[in-house]
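Per-entry structural report
The primary structure of each chain is shown beneath.
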Amino acid sequence: MRILLLGYGKMGKTIEKIALERGHSIVGKIDIDNRSEMDSLKPADVDVAIEFSAPEAAYNNITYCLKKGWPVVSGTTGWLEHRSEIEKLCLEQNGAFFYASNYSIGVNLFFRLNRQLARLMNGHGYEQSMTEIHHIHKLDAPSGTAITLAEAITDEIDNLEGWKLAPENERGYLQITSLREGEVPGTHIVRYESEVDTIEISHTAHSRAGFALGAVVSAEWLPGRSGVFGMNDLLKI
């Protein structure tokens, strides 16, 4: 399979390594300094694009690929105010767009556990909060993974109207604390507290490899399909 990489930072390099190990070829490695090289690629040159760039570049990158007829797997966060526009364009172009805030299989199982726990905790008098910790190079806060977790919690807890990024501690909102430390790949802690006890669930990534493998597996799955997809479609959970 011929893969175009959009974004060639640490994540892009990890994706490249895993893709090559799985027998694929990389037809382009596009970053901020060489974006014009994309224009030399013909529609038939690319089987799928994997997009892990920057929030300010993601929308244009994905739009470009969909108009070229290339299926796109995206994991960039921080641009999702434009997500509905991208999904509309994908359907208009009869294209294929796969998005996940986190491509780790373990994290996606954690998403399911998080929703089930929130459903159980609803109405029992607990205060909810979340902490997410990432490396100092991460540009957006809270993380896309934290937002996905928060949306599930606010869906299931009746007295929550939404989420707020700490230190905005407003009653009726889930408070998310975002910390940036060293080279931490990603830790997410969901906490329920009462006067008598605390219940926590957490996911800790040990490296970027789990995210990168999930992105490559998604890219293997996407060509030949049309529509908008996510990890639930891939994992059937």
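Residues numbered from 1 in each chain as written. Predicted model: local features only at pLDDT ≥ 70, side-chain atom pairs only at ≥ 80, totals over all residues. Heavy atoms only, no water.

Within an unreviewed UniProt entry, the label attached to the chain reads 4-hydroxy-tetrahydrodipicolinate reductase, and the organism entered is Dyadobacter fanqingshengii. Its UniProt record, at the heading Subcellular location (unreviewed entry), says of the chain: "Cytoplasm". Looking at the chain in UniProt, the text filed under Pathway (unreviewed entry) is "Amino-acid biosynthesis; L-lysine biosynthesis via DAP pathway; (S)-tetrahydrodipicolinate from L-aspartate: step 4/4." (UniProt positions renumbered as here; feature names shortened; annotations may be inferred.)

On to the overall build of the chain, then. Broken down by element type, the chain carries seven helices and eleven strands. Over its C-alpha atoms the chain spans a radius of gyration of 19 Å, differing by no more than 12% from the 18 Å that the globule rule assigns to 237 residues. Once the C-alpha set of the chain is aligned to its principal axes, its extents read approximately 60 × 40 × 30 Å. Per-residue burial over the chain gives 49% buried out of 237 residues. For the chain, long-range pairs separated by at least 24 residues make up 67% of all intrachain contacts whose partners lie at least 6 apart in sequence. (Helix = DSSP H or I, 4+ residues; strand = E, 2+ residues; numbered from the N terminus. Rg over C-alpha atoms; globule rule 2.2 N^0.38 Å. Buried < 20%, exposed > 50% of the residue type's maximum accessible area, 1.4 Å probe, protein only. Contact = heavy atoms within 4.5 Å.)

Moving on, we come to helix α3 (residues 83-92). If you check which residues of α3 are buried, you get I86, L89 and C90. Each buried residue of α3 sits inside an arc of 105° when the element is viewed along its axis, so together they form one side. Within α3, the exposed residues directed more than 90 degrees away from the buried face are S84, K88, L91 and E92. Close packing links the buried residues of α3 with α2 (55-68), β5 (96-99) and β11 (227-229). Positive backbone phi, approximately 55°, marks N94, located one or two places after α3. (Arc of directions from axis to C-beta.)

As for its position among the elements, E132 is in strand β6 (residues 127-134). The buried category is assigned to E132, whose relative accessible area is 0%. In this structure the side chain of E132 is engaged in a polar contact, spanning 3.0 Å, whose partner is the backbone nitrogen of S143. Those residues in contact with E132, other than ones at most four positions away along the chain, are A141, P142, S143, A146, I176, T177, S178, L179, R180, T187 and H188. (Polar contact = N/O pair within 3.5 Å; in protein donor to acceptor, adjacent residues only side chain to side chain.)

The next thing to look at is the environment of C90. As for its position among the elements, C90 is in helix α3. Of the residues examined, C90 reaches a relative accessible area of 0% and is grouped as buried. Between the alpha carbons of C90 and I18 there is a distance of 27 Å; along the sequence they are 72 residues apart. When residues no more than four places from it in sequence are discounted, the contact partners of C90 are L66, G95, A96, F97, G227 and V228.

This brings us to the pattern of salt bridges. A full pass over the atoms with the stated rule returns 14 salt bridges. Among the salt bridges present, the one from R22 reaches E220, with a minimum N-O distance of 2.8 Å. One end of the pair, R22, is in the loop between α1 (10-21) and β2 (25-30); the other, E220, is in helix α6 (residues 209-221), and 198 residues separate them in sequence. Residue E220 is classed as partly exposed on the basis of its relative accessible area of 28%. Where salt bridges share partners, they join R115, R119, D155 and E156 into one cluster. (Salt bridge = Lys/Arg side-chain N within 4 Å of Asp/Glu carboxyl O.)

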